[in-house]
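Here is what each chain is made of, one letter per residue.
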Amino acid sequence: MSGNDACAADDQQWVDRIAGLAGAAGLGVAVAESLTAGRLSATLGRGSEAASWYRGAVVAYASEVKHTVLGVDPGPVVTDRCARQMAEGVRRLLGADVGLAMTGVGGPGSQEGRPPGTVHLAIADGRGTRSHEVHLEGDPDEVLASATTLALVELAKALGATPDD
């Protein structure tokens, strides 16, 4: 099994957890993604009974889409501020209980002076909005795969998953 195959298997386990948690709680989930260009949405759409808990996604690859559709303030987009505003925007736009957003630099080059592998992830829900920055290693495909898994793990945690789940 290749590294990407193992990653896909792990991702499906996370999606199964997300589906169970969101479904049981009656929560709607939405994502706004830039860096992963729809990969996260496609992964979530494979979840059990996704139509009952997955509200959808906005793939805001272009900065203008972040600004005009998601309400992100003009300025740099590889920031925690941008990720936070994307999460809040997609939550509001799609009527979700939980919004997750991710923006960053996949590589191979830098963007806005930020190195490849820089990822900003935010979650907006009834408890507020929180974000963090991580730095992932690897070529662009590895960064995208790792970023997708990271988003799934963080979404599961936001829905109440524990390490023992």
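Residues numbered from 1 in each chain as written. Predicted model: local features only at pLDDT ≥ 70, side-chain atom pairs only at ≥ 80, totals over all residues. Heavy atoms only, no water.

Participant: Looking at this structure, I do not really get the overall build of the protein. What am I missing?
Facilitator: On a plain count of helices and strands, the protein comes out with six helices and five strands. Along the chain direction, N to C, the helices and strands of the protein fall in the order α-β-α-α-β-α-α-β-β-β-α. Here the C-alpha radius of gyration of the protein, 15 Å, is about what a compact globule of 165 residues would show, namely 15 Å. Every one of the 165 residues in the protein was classed for burial, and the buried ones make up 47%. Summarising the internal contacts of the protein: among those between residues at least 6 apart in sequence, 61% fall at separations of at least 24. Working note: accessible area of the protein is about 7400 Å², and carbon and sulfur atoms make up 51% of it. (Helix = DSSP H or I, 4+ residues; strand = E, 2+ residues; numbered from the N terminus. Rg over C-alpha atoms; globule rule 2.2 N^0.38 Å. Buried < 20%, exposed > 50% of the residue type's maximum accessible area, 1.4 Å probe, protein only. Contact = heavy atoms within 4.5 Å. Areas by Shrake-Rupley, 256 points an atom, 1.4 Å probe, with all protein chains shown as cover.)

Participant: Could you clarify how one ought to interpret the sheet that holds strand 3 (residues 98-104) in this entry?
Facilitator: Strands pair in a sheet through their backbones, by hydrogen bonds, and they do so in one of two ways: parallel or antiparallel. Within the open sheet, the five strands sit side by side as 2-1-3-4-5. Their pairing is mixed. Edge positions in the sheet fall to strand 2 (54-59) and strand 5 (128-135), since each has one partner strand and no second. Ignoring strand direction, the axes of neighbouring strands in this sheet form an average angle of 15°. Sheet topology places strand 3 next to strand 4 (residues 118-125); six bridges connect them, and they run antiparallel. (Pairing = 2+ DSSP bridges. Axes fitted to C-alpha atoms, helices over the stretch in contact; angles between N-to-C directions.)

Participant: I would appreciate a short explanation of the side chain of T36 in the present structure.
Facilitator: Relative to the elements of secondary structure, T36 occurs in the loop between strand 1 (29-33) and helix 2 (39-44). A relative accessible area of 4% means that T36 is categorised as buried. Among all residues touching T36, those that are not within four sequence positions of it are M102, L144, A147 and T148.

Participant: Before we go on, may I ask you to explain helix 5 (residues 80-94) in this structure?
Facilitator: Two residues of an α-helix separated by three or four positions point the same way, owing to the 3.6 residues in each turn. In a regular helix each residue adds 1.5 Å, so 15 residues correspond to 21 Å; helix 5 covers 21 Å between its end C-alpha atoms and thus fits that length. Listed as buried for helix 5 are C82, A83, Q85, M86, A87, G89 and V90. Next to the buried residues of helix 5 lie strand 1, strand 2, helix 4 (63-68), strand 3 and strand 4. Where helix 5 terminates, the next one or two residues include G95, which has phi positive at roughly 60°. (Expected span 1.5 Å × (residues − 1).)

Participant: Help me understand the layout of surface pockets, please; the structure alone is not making it clear to me.
Facilitator: The space that makes up the largest pocket amounts to roughly 240 Å³. L35, Y61, G104, G106 and Q111 are the residues nearest the centre of the largest pocket, which is lined by 18 residues in total. Mapped by element, the contributors of at least two residues to the lining of the largest pocket are helix 4, strand 3 and helix 6 (140-158). (1 Å grid on protein atoms, 1.4 Å probe; cavity = no way out; pocket = protein on both sides within 12 Å on 5 of 7 lines; lining within 4 Å. Points joined across faces, edges and corners; volume = space filled by probe spheres on them.)

Participant: Explain the side chain of S41 here, please?
Facilitator: Examined against the element boundaries, S41 turns out to sit in helix 2. S41 sits in the buried class, given a relative accessible area of 18%. Separated by 2.8 Å, the side chains of S41 and Y54 make a polar contact. Sequence-distant contacts of S41, defined by excluding residues within four places in its chain, comprise V31, E33, Y54 and A57. (Polar contact = N/O pair within 3.5 Å; in protein donor to acceptor, adjacent residues only side chain to side chain.)

Participant: I would appreciate a short explanation of the nonpolar core in the present structure.
Facilitator: The nonpolar side chains of a soluble globular protein tend to be buried, and buried together. Judged by nonpolar contacts, the single largest core of 30 residues is most densely connected at I18, L40, L44, W53, L100, V119 and L155. For this core, the secondary-structure elements that each account for two or more residues are helix 1 (3-25), strand 1, helix 2, helix 3 (50-53), strand 3, strand 4 and helix 6. The biggest single contributor to this core is helix 6, with eight residues. Setting aside anything within four residues of it in sequence, one finds I18 in contact with G23, L44, W53, L152, L155, A156 and L159. (Core = buried A, V, L, I, M, F, W, Y, C linked by side-chain atoms within 4.5 Å.)

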